[in-house]
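Working through the structure, step by step
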Amino acid sequence: MDLGVRWKLHGDGRTPAPGAVVRPDERLSWPRTFGLGAQHVVAMFGASFVAPVLMGLDPNLAIMMSGVATAIFLLATRGRVPSYLGCSLSFVGVAAVIRAQGGSSATVTGAVLVVGAALFLVGLAVQKFGARIIHAAMPPIVTGAVVMLIGFNLAPVTASTYWPQDQWTALLVMLFTGLAVVCLRGFWSRIAIFLGLIFGYGISWVFDQVFGKIHSADASGKVVDHWRLDLSAVGQADWIGLPSFHAPGFEWSAILVALPVVIALIAENAGHVKAVGEMTGDNLDDKLGTAISADGAASVLSTAVGGPPNTTYSENIGVMAATRVYSTAAYWAAACFALLFGLCPKFGAVVAAIPGGVLGGITVILYGMIGLLGAQIWINAKVDLRNPLNLVPAAAGIIIGVGGVSLKFTDNFELSGIALGTIVVITGYHVLRAFAPPHLKSQEPLLDAGTSAYDAEAAADNPGAGGADAKR
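Residues numbered from 1 in each chain as written. Predicted model: local features only at pLDDT ≥ 70, side-chain atom pairs only at ≥ 80, totals over all residues. Heavy atoms only, no water.

1. What to know about the pattern of salt bridges
Convention followed: By convention in these notes, a salt bridge is any Lys or Arg side-chain nitrogen within 4 Å of a carboxyl oxygen on Asp or Glu. Elements are defined by DSSP. Helices are runs of H or I of four residues or more, strands are runs of E of two residues or more, and each kind is numbered from the N terminus. Between buried and exposed lies partly exposed: a residue is buried under 20% and exposed over 50% of the maximum accessible area for its type, with that area taken using a 1.4 Å probe on protein chains only.
Overall, the coordinates contain 5 salt bridges when judged by the stated rule. Here Asp25 makes a salt bridge to Lys8, at a shortest N to O gap of 3.9 Å. Placement of Asp25 in the loop between strand S1 (8–9) and strand S2 (26–27) and of Lys8 in strand S1 is noted, with a sequence separation of 17 residues between them. Assessed through its relative accessible area of 51%, Lys8 is described here as exposed. Put simply, Arg80 and Asp286 hold a salt bridge, and the shortest N to O gap is 3.0 Å. Here the residue Arg80 occupies a position in the loop between helix H2 (59–76) and strand S3 (85–87), and Asp286 occupies one in the loop between helix H13 (261–280) and helix H14 (288–304), the gap between them amounting to 206 residues.

Structure representation (structure tokens):
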């Protein structure tokens, strides 16, 4: 059985010829391949380490399981879809809501495990029946609205938890990170979040030396005098050791909050497969279901031991676009590096010491970008918001999700925020579509560009249909 772990040497193994690309089944020399693998790890550092910290989970376990997840994905897709799977930011808001309701880390990982299982089943369904079932149930207006409400639902977390810990550091980090994203080029712009973290560490240390302790809320919310950057735990941490594991716990209220993220993950995977297919020149539509189910399986395994869920990373797509090296051997090297980092508790202690003010500055940009990706899905799909069939369910669902509107059924069960907003968007759209006049229905595209093989058929059935690159 071909598992995609055999690679032909590209040219002389040193540098691709002008205009040439290193295909997924090719590689450069092993030293260069491991160098590219290290570059992929650095590219995902910022988001993949910030996410578990924001979710209250072990960053060492997160990075170790990202390596495991990447290996699972590469094996499942037989090496045809070069991808790195890092910690998914889509679940940060879910974790915040669950913890606000009194949930523990076990409750968070248990809810997310169910989402991973649901994603796995969706992938199997796509393999069996084709991608049409996804896009019929979740057209771009629905997908974009859900991604938007998930991102914007995080705004209160930044405003009430991170920013108040050190507002001036947060402001400087926000400005620096924004400049890095906009002004830097190529690889450096892809690791802007990572650079923002380094800048934040540095400015926090300088402020501690110059101004001393700060009197503000600490990570627990208590207003006390504390150092901005506290590295005391780093000195006590071992160089080699296993991360902390825990079993998941399952509560229906937490599961209902987490389930809507399935929609965002489907959109992420569809956009990723399409983007990689366009870069490599391969038609990867037949791998969409496999990619989705592999992502789900990897997330189930990670959360089963107490880690965060995983998803394909656009930062690493940027690295491939910049280097024109699509070799899956580089991703195997990246997975090996991630496993080694995960076995270094001292490294995890450094990550866990990220000052709250630094997180405040980064999350202002990061959370907003997640939300606005929903708008990007609408733009790419040419969704017409003048059409009330699109406008009404999206508008209602987003306000419910962002505002935290709740619907109480009993003393022990209610729907609110992300869960209720998603239900309103999906059911509202399809119910309204069932009763809408024909001229409103004809303007809605049923498929997005994540499955290019269906574009011709969609155009024949619906001349007004557009496409969407639903990528985070």
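Let's pick the thread back up.
2. A short note on the nonpolar core
The line we're drawing: Take the buried Ala, Val, Leu, Ile, Met, Phe, Trp, Tyr and Cys residues and link them wherever side-chain atoms come within 4.5 Å; each set so joined is a nonpolar core. Residue ranges assigned to each domain were obtained from an automatic or database domain assignment.
Counting 99 residues, the largest nonpolar core has Met55, Val92, Tyr367 and Trp378 as its most contacted members. Counting residues per element, this core draws most heavily on helix H18 (residues 356–381), which supplies 11 residues. Looking at which domains feed residues into this core, each of domain 1 (22–383) and domain 2 (384–443) supplies at least three. Ranked by size, the runner-up nonpolar core spans 5 residues in total, among them Val22, Leu36, Val325 and Ala330.

3. Thoughts on the packing of aromatic side chains
Going by this rule: Note on ring pairs: Phe, Tyr and Trp rings are taken, using the six-membered ring of Trp, and paired if centres are within 6.5 Å. Classes follow the plane angle, with under 30 degrees stacked, over 60 edge-to-face and the rest tilted.
This structure, assessed with the given rule, holds 5 aromatic pairs. An angle of 85 degrees between the planes, with centres 6.0 Å apart, marks the rings of Trp7 and Trp30 as edge-to-face. A residue pair is termed long-range when its members are at least 10 positions apart, and Trp7 in the segment before S1 and Trp30 in helix H1 (residues 30–55) qualify at 23 residues. On the accessibility criterion, Trp30 (37% relative accessible area) is partly exposed. Here Phe176 and Phe199 contribute two aromatic rings whose centre-to-centre distance is 4.3 Å and whose plane-to-plane angle is 5 degrees, an arrangement assigned as stacked.

4. Topic: the packing of H2 against H14
Using the following cut-off: Axes here refer to lines fitted to C-alpha atoms; in helices the fit is confined to the stretch in contact. Angles between the N-to-C directions go from 0 to 180 degrees. Throughout, the term roughly parallel applies to angles under 35 degrees, roughly antiparallel to angles over 145, roughly perpendicular to angles from 65 to 115, and oblique to all others. For a crossing to be left-handed, the near helix must be turned anticlockwise from the far one by less than a right angle; the clockwise case is right-handed. We call two residues contacting when some pair of their heavy atoms lies within 4.5 Å. Side-chain classes follow a simple rule in which Ala, Val, Leu, Ile, Met, Phe, Trp, Tyr, Cys and Pro form the nonpolar group, Asp, Glu, Lys and Arg form the charged group, and the remainder, Gly included, forms the polar group.
Relative to each other, H2 and H14 sit at 150 degrees, their axes nearing to 9 Å. Comparing their axes, H14 and H2 come out roughly antiparallel. Judged by the sense of rotation from one axis to the other, the crossing of H2 with H14 is right-handed. On H14, the residues touching Met65, Val68, Ala69, Ile72, Phe73 and Ala76 of H2 are Thr290, Ala291, Ala294, Asp295, Ala298, Leu301 and Ser302. The residue inventory of the contact of H2 with H14, partitioned by class, reads 10 nonpolar, 2 polar and 1 charged.

5. Some words on unusual backbone geometry
A positive phi angle is found at Arg78, which is not glycine, with a value near 55 degrees. Residue placement: Arg78 occurs in the loop between H2 and S3. Backbone geometry places Lys382, a non-glycine residue, at a positive phi of 55 degrees. Mapped onto the elements, Lys382 comes out in the loop between H18 and helix H19 (388–403). Overall, the relative accessible area of 69% leaves Lys382 in the exposed class.

6. Points about H2
Turn by turn, an α-helix covers 3.6 residues, leaving residues three or four places apart pointing in a common direction. Applicable threshold: For a helix, the expected span equals 1.5 Å multiplied by the number of residues minus one. Polar contacts, as counted here, are pairs of nitrogen or oxygen atoms within 3.5 Å of one another; within protein the pair requires one atom able to donate a hydrogen and one able to accept it, and residues that are adjacent in sequence qualify only if both atoms are side-chain atoms.
The end-to-end C-alpha distance of H2, which contains 18 residues, comes to 25 Å, matching closely the 26 Å that a straight helix rising 1.5 Å per residue would cover. Among the 18 residues in H2, 14 count as buried, and that is most of the element. N-capping of H2 is provided by Asp58, with a side-chain oxygen placed 2.9 Å from the backbone N of Asn60. Where H2 ends, the next residue or the one after it, Arg78, has phi of about 55 degrees, a positive value.

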